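# Inside the fold
These are the residues of each chain, in order.
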Amino acid sequence: MVPVLQVEHLRKVFPVDDRRTLLAVDDVSFSVAAGEKVAIIGESGSGKTTIARMVARLTDVTAGRIFLQGTDITQLTGRKLREHYRHMQLVFQSPADSFDPRCTLGDGIAEGLRNFGWQKQAAWQEMERLLMLCGLEVEIAQRYPHEVSGGQCQRAAIARALALRPKLLLLDEATSALDVTVQADILALLARLQRELSLAYLFICHDIALVQDFCDRVLVMHEGRIVEEGTPDEVIGAPQQTYTQRLIDSVL
Amino acid sequence: MSEVTVRVQVVRRDHLRRRLLFFGGLAGVLILAAFFSSSLCPYDPYEQNLAIAKAAPSAEHWLGTDRYGRDMLSRVIAGSFTSIFSTLLLVGFITVFGSLIGIFCAWSGKWIDTLIMRLADMFLAFPGLVFALAVAAVLGGGVHNAIFALAAISWPKYARLARSQMLAQQELPYMQAAKMAGCTPLRLICRHVVPNIAGPLLVTAMLDIGTMMMELAGLSFLGLGAKPPIPEWGSMMSDTRNLLATQPWVTLAPGFAIFLSVMIFNLLGDTVRDWLDPKNRR
Amino acid sequence: MNEIIRYDHVDVSYNGKCVLHDISFGVQPGEILGIAGESGSGKSTLLRAAMGLLGKDGLVTRGDIWYQGKSLPDLVPQELRRLCGADIGMIFQSAGSSFCAIRTVRAQLWEMMQAHGMTDAQLFEEQVQELFARFGFREPRRILESYPFELSGGMQQRVGVAAAMLLRPKVLLADEPTSALDVTVQKQVIEEMLLARELFGTAIMLVTHNIGVIRVMADKMLVLRAGEAVEYGSASELMLRPQAKYTQRLLAAVPQLRR
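Chain B has the name ABC transporter permease in an unreviewed UniProt entry, where Selenomonas caprae is given as its organism. Checking UniProt for chain B, the heading Subcellular location (unreviewed entry) contains the comment "Cell membrane". In its Sequence similarities (unreviewed entry) section, the UniProt entry covering chain B states "Belongs to the binding-protein-dependent transport system permease family."

Looking at an unreviewed UniProt entry, one finds chain A named Peptide/nickel transport system ATP-binding protein and attributed to Selenomonas ruminantium. Listed in UniProt under the heading Sequence similarities (unreviewed entry), the comment for chain A reads: "Belongs to the ABC transporter superfamily."

The following block contains the structure:
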């Protein structure tokens, strides 16, 4: 069976100035099977967000290849790339910034549907269904992002990500900016959606405690490399690397 | 145990809405007056009557008359048409044109962006009014050429602003989300970029109305703008400057008109900026 | 009562809107009080009220904050400025941004000490070196000669704590001191703050949304929600047996690592 996402020997080099460069991601390979929840854990500067941005094709790769459902999307642009975004969506960290401040949440969620040829009426109905699926009132469609709470906004962002019925959701610190009680609600929602829609998640996160019960597999990143990989119980219970051990010991 | 201290807080009310209506209203009145200027004039602004030349302000001629005996009030009112509409035309043109160039540069990136932006830098590095003078001198006088000259030196400011605003917006998650929702570049620009960068551009344009009005008046003052006898505030001041010591009202009247209009548009620009600032909204 | 700082029925309002209501508690010398709350609970406002940093719209509209027999909200600005730093130290979420970017750490610390009456540069140098050594900085000289941006975020925060301790304040007000940091660095900063308490007997008022930080640091704990005090008591007791429904929900939502 073809994995939803397969990443091979991914590298990203950022120019710092004329002479120096920064190796943000160094020879990273992994895959995400259909319906699998994979976490990438790492501290700031470990390259985890860069990986998400490269997979989402928001940043070009320096080297390596990205396969989405068996298709190489590494070099795709324009219309072909847009077609592939149907299968993969990204949920961002900051709820307030992930919607256009001048559009209602409903318009934001329905936008993807409209772009892929849905009629206005049908797109609006589908949007309302998505809101309810994500535990929101239908009335929220008329509101603007700054009028709702962070938790509601993040639910709406998840609804938008689901609009095109993707197989893979990239969650880039999707719960990190939220209060803990809200974070728990959003995690419960994500777990339910994953069961109902058999989604695959690439869950990018700095909090190892958060992924312990949530994910099937954990990749630990340090200075651009994957230093450890395994089920949460393996990685947390019996870490092989000193870095992983240090990371676990630092958790309060 | 002593009593709990209580302190009185003065609650500051937000008059932003009222300020916006007030200055917006003033600017509206100014523009309307300029539009209907020909019917507002008490006398014909071109009618000469040497018998009453250089008359001091009186009940009949509120602002006195100039050296040809033309009624100054009528000339100031008539002059508003040229002064205000040429300014609005100029500012409107450079805002739209400059912003489009900026958006195009930010979207295209690569060498064409670099090329146009270096060109813009060259325009910015040139002393503005000197350049405008040169352009006006080559093309000859007249309001149209003055507008053209000023447009040629003013667009880079808007291009740079639009470009930097768009680059900043493009980095925000909602733009990337829209991109991933399958928006084409054109739709991305029309639906998301333009509405979100319009605010700063609009404010800059509003604040520029005053500057541009002064620069146009300046060019006219130097004889490169409106040609006499067409009433225009800058050229009116220029015409009459040798009377400043003896009959100051003929120079001061158009000067005051410029001052008033510049101030109204500047205050309106400030208010619009405050109003667009999300921090000032609930 | 030998409390070092006491909040007494404190209300804080912004432009007529009450954001903190009837907050009372006291902090003993050397005690660490953890103030927990989610966004909008008013936890940062609580610290800002003591430091007179409420801005032009904010005011302690009711109650007093007592420090050494003086009510902080009623002090004239000059007097409050003299207390802040010398008697009441502060640390913010990003110490880096409270440093000036274009001058070295040494120049800024020297300026701070001068503002509080130090004139002897030699003595200053000795004191800084000694303090940095006690806090276990490996290269104190290099740090002093650095510009803030040359230090990592964690190092900036550690220098921020050390800088606050230079004046030996009796109370340290810390507003989310570790929230911008990675967990491995967070641990170092926590250890440094605990060391500061041990060395100098400084009381700490610690505002954070991170319950874990309170768990390892605090003696007492105050839970805030929407401007109201929900629960106050011994931190360990409160963590173990939360009384209020909200506290129970808050603690249950914190992800715990099973090792």
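### Structural notes on the interface of chain B and chain C
One frequent convention defines the size of an interface as the accessible area lost when the parts assemble. Facing the 10 residues of chain B at the interface are 18 residues of chain C. Taking both sides of the interface into account, the surface hidden between chain B and chain C amounts to around 1,100 Å²; carbon and sulfur atoms contribute 41%. Looking at the side of chain B facing chain C, the largest losses of area belong to Arg 7, Gln 9 and Arg 12 of chain B, adding up to 59% of the total buried there. Viewed at the interface, chain C and chain B are joined by 2 salt bridges. Counting across the interface, chain B meets chain C through 10 residue pairs in polar contact (both at pLDDT 80 or more). Considering only residue class, the side of chain B that touches chain C consists of 6 nonpolar, 2 polar and 2 charged.

### What about the packing of aromatic side chains?
Residue and element names in this part refer to chain B. Within this structure, the stated rule accounts for 16 aromatic pairs over all chains. Measuring from ring centre to ring centre gives 5.1 Å for Phe 35 and Phe 36, while their planes differ by 90°; the resulting arrangement is edge-to-face. Residue Phe 36 is classed as partly exposed on the basis of its relative accessible area, which comes to 44%. For the ring pair Phe 123 and Trp 155, a centre distance of 5.6 Å and an interplane angle of 65° mean the geometry is edge-to-face. Of this pair, Phe 123 sits in helix 4 (residues 110-125) while Trp 155 is found in helix 6 (residues 143-170), placing the two residues 32 residues apart along the sequence. Judged by relative accessible area, which is 22%, Phe 123 ranks as partly exposed. The buried category is assigned to Trp 155, whose relative accessible area is 8%. Members of the aromatic cluster, connected to one another through ring pairs, are Phe 35, Phe 36, Phe 81 and Phe 85.

### Topic: the interface of chain B and chain A
At the interface, 18 residues of chain B touch 24 residues of chain A. Across the chain B/chain A interface, buried area totals approximately 2,000 Å², and carbon plus sulfur atoms make up 56% of it. If you look at where chain B meets chain A, you find 2 salt bridges. With a closest N to O distance of 3.3 Å, Glu 111 of chain A and Arg 187 of chain B form a salt bridge. Inspection of the chain B/chain A interface yields 11 residue pairs in polar contact (both at pLDDT 80 or more). Of all the secondary-structure elements, those providing two or more residues to the side of chain B that touches chain A are helix 7 (173-180) and helix 8 (185-221) of chain B.

### Comments concerning the nonpolar core
The tendency in soluble globular proteins is for nonpolar side chains to be buried side by side. With 58 residues, the main nonpolar core has Leu 90, Leu 150, Trp 233 and Val 272 of chain B as its most contacted residues. Broken down by element, this core gets its largest block of residues, 14 residues, from helix 8 of chain B. Setting aside residues up to four positions removed in sequence, Leu 90 of chain B forms contacts with Ile 147, Leu 150, Ala 151, Met 212 and Leu 216 of chain B. In this structure, Val 91, Leu 113, Cys 134 and Leu 162 of chain A belong to the second largest nonpolar core, which totals 56 residues.

### Description of the UniProt feature "domain: ABC transmembrane type-1" (unreviewed entry) in chain B
Within this numbering scheme, the UniProt entry marks residues 84-269 of chain B as carrying the feature "domain: ABC transmembrane type-1" (unreviewed entry). The distance from the first to the last C-alpha atom of residues 84-269 of chain B is 16 Å, and the span holds 83% helix and 0% strand.

### Considerations on a nonpolar patch on the surface
A cluster of nonpolar side chains, namely Leu 32, Phe 35, Phe 36, Leu 40 and Phe 81 of chain B, defines an oily patch on the protein surface of about 510 Å² accessible area. By the element assignment, Phe 36 of chain B lies in the loop between helix 1 (16-35) and helix 2 (37-40).

### A look at the sheet that holds strand 2 (residues 21-32) of chain A
All names here are of chain A. Taking strand neighbours across the sheet as the criterion, the 4 strands line up as 2-1-4-5 in an open arrangement whose pairing is antiparallel. Of all strands in the sheet, those bounded by a partner on one side alone are strand 2 and strand 5 (71-72). Of the pairings in the sheet, the one linking strand 1 (residues 5-15) to strand 4 (residues 63-68) comprises 5 bridges and is antiparallel in character. Paired with Glu 8 across the strands is Arg 65, a residue of strand 4. This element, helix 1 (residues 48-55), spans strand 1, strand 2 and strand 4 of the sheet and lies at about 115° to strand 1.

### Looking at the UniProt feature "domain: ABC transporter" (unreviewed entry) in chain A
UniProt tags residues 5-248 of chain A as "domain: ABC transporter" (unreviewed entry). Across residues 5-248 of chain A, the secondary structure splits into 36% helix and 26% strand, with the terminal C-alpha atoms separated by 28 Å.

### A look at the UniProt feature "transmembrane region" (unreviewed entry) in chain B
Residues and elements named next belong to chain B. Within this numbering scheme, the UniProt entry marks residues 20-40, 84-107, 119-137 and 246-269 as carrying the feature "transmembrane region" (unreviewed entry). Within residues 119-137, the helical portion is 89% and the strand portion 0%, while the C-alpha atoms at the span's ends are 22 Å from each other. Across residues 246-269, the secondary structure splits into 92% helix and 0% strand, with the terminal C-alpha atoms separated by 37 Å.

### Observations concerning the packing of helix 9 (residues 242-250) of chain A against helix 8 (residues 183-200) of chain C
It is at 8 Å that the axes of helix 9 of chain A and helix 8 of chain C come closest, and there the two elements cross at 50°. Classified by the angle between their axes, helix 9 of chain A and helix 8 of chain C sit oblique to one another. Regarding helix 9 of chain A and helix 8 of chain C, the two cross each other, and that crossing is left-handed. For the pair formed by helix 9 of chain A and helix 8 of chain C, the contact residues are Arg 246, Leu 247, Asp 249 and Ser 250 of chain A on the first element and Val 183, Thr 184 and Lys 187 of chain C on the second. Across the contact of helix 9 of chain A with helix 8 of chain C, the residue classes tally to 2 nonpolar, 2 polar and 3 charged.

### Considering the pairing of strand 7 (residues 171-175) of chain C
Residues and elements named next belong to chain C. Where burial is concerned, most of strand 7 is hidden: 5 out of the 5 residues are buried. Covered by surrounding structure in strand 7 are Val 171, Leu 173 and Asp 175 together with Leu 172 and Ala 174, the residues of both alternating faces. With 4 bridges joining them, strand 6 (residues 88-91) and strand 7 adopt parallel strand pairing. Looking at strand 7, one finds that Met 90 is bridged to Leu 173. As defined by bridge partners, strand 7 adjoins strand 8 (residues 203-208) across 5 bridges and the pair is classed as parallel. Opposite Val 171, over in strand 8, you have Ala 203 as the bridge partner. A crossover links strand 7 with its parallel partner strand 8, the connecting element being helix 8, and its sense is right-handed.

### Some remarks on the pairing of strand 1 (residues 5-14) of chain C
Residue and element names in this part refer to chain C. Counting buried positions along strand 1 gives 7 out of 10 residues, so the element sits mostly inside the fold. Bridge analysis of strand 1 against strand 2 (residues 17-27) gives 7 bridges, and the strand direction is antiparallel. Along strand 2, the bridge assignment pairs Arg 6 with Gly 26. Where strand 1 folds back onto strand 2 in an antiparallel hairpin, the turn is made up of 2 residues, including Asn 15, whose phi is positive at roughly 50°. Note that strand 1 and strand 4 (residues 58-67) share 8 bridges and pair antiparallel. By the bridge assignment, Asp 8 is partnered in strand 4 with Asp 64.

The rules behind these values
Each chain has its residues counted from 1, following the order in which its sequence is written. Starting at A for chains and at 1 for ligands, labels are handed out in the order in which the entities are written. Note on the predicted model: pLDDT of at least 70 is required for a residue's local features to be given, and 80 or more for side-chain atom pairs to be given and counted; whole-chain, interface and lining totals, by contrast, use all residues. The side-chain quantities take in all heavy atoms of the structure and omit both hydrogens and water. UniProt positions are given in the numbering used here, feature names are shortened, and annotations may be inferred rather than shown by experiment. Note on definitions: a residue-residue contact is assigned when non-hydrogen atoms from the two residues lie within 4.5 Å. For any pair of parts, buried area is found by adding up, for both, the accessible area (1.4 Å probe) each one loses once the two are put together. Salt bridge, as used here: a side-chain nitrogen of Lys or Arg that lies within 4 Å of a carboxyl oxygen of Asp or Glu. Under this definition, polar contacts are N or O atom pairs within 3.5 Å; protein pairs additionally need one hydrogen-donor-capable and one acceptor-capable atom, and for neighbouring residues in sequence, both atoms have to be side-chain atoms. By the convention adopted, Pro, Cys, Tyr, Trp, Phe, Met, Ile, Leu, Val and Ala count as nonpolar, Lys, Arg, Asp and Glu as charged, and the other residues, Gly among them, as polar. Only Phe, Tyr and Trp rings take part, Trp by its six-membered ring, and two of them pair if their centres are within 6.5 Å. Stacked means planes under 30 degrees apart, edge-to-face means over 60, and tilted covers everything else. Per-residue accessibility, obtained with a 1.4 Å probe over protein chains only, is compared with the maximum for each type, and a residue is labelled buried under 20%, exposed over 50%, and partly exposed between these values. Secondary structure elements follow DSSP: runs of H or I no shorter than four residues count as helices, runs of E no shorter than two count as strands, and numbering proceeds from the N terminus. We define the nonpolar core as a collection of buried residues of types Ala, Val, Leu, Ile, Met, Phe, Trp, Tyr and Cys that are connected through side-chain atoms lying within 4.5 Å of one another. To count toward a patch, a residue needs a relative accessible area over 30% and no salt bridge; like charges are then connected within 9 Å, while nonpolar side chains (Val, Leu, Ile, Met, Phe, Trp, Tyr) are connected within 5 Å. Computed with a 1.4 Å probe, the accessible areas rest on the Shrake-Rupley method; for each residue, only the protein chains presented here act as cover. When DSSP finds at least two bridges between two strands, those strands are taken to pair. Structural elements are reduced to axes, namely lines fitted to C-alpha atoms, with helices fitted over the stretch in contact, and the angle between N-to-C directions of any two is expressed from 0 to 180 degrees. In these notes the angle categories are as follows: under 35 degrees is roughly parallel, over 145 is roughly antiparallel, 65 to 115 is roughly perpendicular, and the rest is oblique. The crossing is said to be left-handed when, going from far helix to near helix, the turn is anticlockwise and less than a right angle, and right-handed when the turn is clockwise. The path from the first strand over the helix to the second decides the hand: if it runs clockwise while the strands point away from the viewer, the crossover is right-handed.

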